[in-house]
Amino acid sequence: MNKKTVYDIDVSGKTVFLRVDYNVPQDKNGHILEDRRIRTTVPTIRYLQEHGAAIVIGAHLGRPKGEIKPELSLKPCAERLGELLGQKVIFAPDCIGEETNELKKNLKAGDVLLLENLRFYKGEEKNNPEFTKALISYCDIAVNDAFGVSHRPHASIVGVGQSVPMVAGILLQKEIDFLSNVIDNPERPFAAIIGGAKIADKIQVIANLMEKADVILIGGGMANTFVAAEGYDMGQSLQDKDRFDLARNLMEKAKELGSSIILPVDFTAADSFSETAQTKVLEAKDFGDPWMALDIGPKTIQMYADILRKMKTVVWNGPMGVFEMKPFATGTNTIAKTISELDAITVIGGGESAAVVDHLGISDKFSHVSTGGGASLEMLEGMILPGVSILQDKE
Ligand code: AMP
């Protein structure tokens, strides 16, 4: 990465504003269900502490849309971070204001202060200059370690970088380096696997990856759209009818570029969207009402696994089926396990796929599991993230 990181600056005696992504899943009582996003920021915090900085952490949780929502408080995250660091993390009940300024002024080297949810103020998402000024007060330097939000031009991501020098944290650097190396300089053969339900969002990813990957394997609702675009009646399957033309164009373009887009040859179909539905394995020509494709079928699983075993780089984003329901989880789970066993660079592009490998207990078997779904998709689309452009350039 051609941007400065914490390793390139002197933080001794400084107060550092550190933007992190602590948007973690919690249950109704505020218990944190999965703390990967907190754990992965510890190296940056430790580095800053060891080099004599005081740290003010800013983060968001959920979508409070500029209102104070007690159930979206970051207090539980302060407690969890304290456990991970083995020290008290001071919690500021408001992310700006006089009381918070007092807490900031009193920080000593090594202290960690976590601010309350930044999105309790509209100014955060609107990148309001007054809010930014209040947020960055008493801080000398800003560090971005919030990869998952770096595609958003918010106050804490972009605004603070216009006020004080801003550099990448260790996690952000790792995320960017992994994804950009994979996209720009992959060891070949290189396969991308794209699934999930957000067809409109991901179809552009396919357009960009087609120019980089040797093979693109398609699953999930995305596959239904491509198969239906070829003229098959996919019955009640999830599909994006407005994107049939685009899907056809992509198939044509892939042929011209010599990269292959591979579609399922069979599906696990159900007669309703339910765990207790009647199921059967169908080929595209055999659909029609009431059937819907809810997973890739056994022949497809075998075919995708055989292709993946030949790869040296694999990027995966989006489940192969409705993995939340047991009868339709086989495709996703088998593909996840197959990738985890490869002797290759393997990257999970965030979101649901990261949750799947966590659930299977195999996340440590991948070269990299991204913490950001939307941000990693934008990178795979070939876009430059605003939260990265704002960082100081390396000299
Ligand atoms: P995404 O956020 O785009 O990765 O989509 C994830 C969601 O896609 C999951 O909740 C899956 O249940 C859903 N999904 C995957 N395959 C299908 C399918 N064939 N039909 C309906 N939903 C699907």
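Residues numbered from 1 in each chain as written. Predicted model: local features only at pLDDT ≥ 70, side-chain atom pairs only at ≥ 80, totals over all residues. Heavy atoms only, no water.

Moving on, we get to the side chain of Thr 300. Mapped onto the elements, Thr 300 comes out in helix α12 (residues 298-308). Among the residues examined, Thr 300 registers a relative accessible area of 0% and is labelled buried. At a separation of 3.0 Å, a polar atom in the side chain of Thr 300 contacts the main-chain amide nitrogen of Val 265. (Helix = DSSP H or I, 4+ residues; strand = E, 2+ residues; numbered from the N terminus. Buried < 20%, exposed > 50% of the residue type's maximum accessible area, 1.4 Å probe, protein only. Polar contact = N/O pair within 3.5 Å; in protein donor to acceptor, adjacent residues only side chain to side chain.)

Of the pockets and cavities examined, the second largest pocket occupies roughly 380 Å³. Lining the second largest pocket are 18 residues, and of these Ile 176, Ser 180, Asp 184, Met 379 and Ile 384 lie nearest its centre. Elements supplying a minimum of two residues to the lining of the second largest pocket: α8 (170-184) and α16 (386-389). When residues in the lining of the second largest pocket are grouped by element, the largest group, 6 residues, is from α8. Looking at the lining of the second largest pocket, its residues break down into 8 nonpolar, 6 polar and 4 charged. (1 Å grid on protein atoms, 1.4 Å probe; cavity = no way out; pocket = protein on both sides within 12 Å on 5 of 7 lines; lining within 4 Å. Points joined across faces, edges and corners; volume = space filled by probe spheres on them. Nonpolar A, V, L, I, M, F, W, Y, C, P; charged D, E, K, R; others polar.)

Our next topic: the site of the ligand. Of all residues adjacent to the ligand, which total 16 residues, the nearest are Ala 197, Lys 198, Lys 202, Ala 293 and Glu 324. Between an oxygen atom of the ligand and a side-chain N or O atom of Lys 202, the distance comes to 2.8 Å. In the environment of the ligand, a nitrogen atom lies 3.0 Å from a nitrogen or oxygen atom belonging to the backbone of Ala 293. Those elements that place two or more of their residues in the shell around the ligand are α10 (220-229) and β12 (292-296). By residue number, the principal contributor to the shell around the ligand is α10, which donates 3 residues. Counted by class, the shell around the ligand contains 6 nonpolar, 6 polar and 4 charged residues. (Near = heavy atom within 4 Å.)

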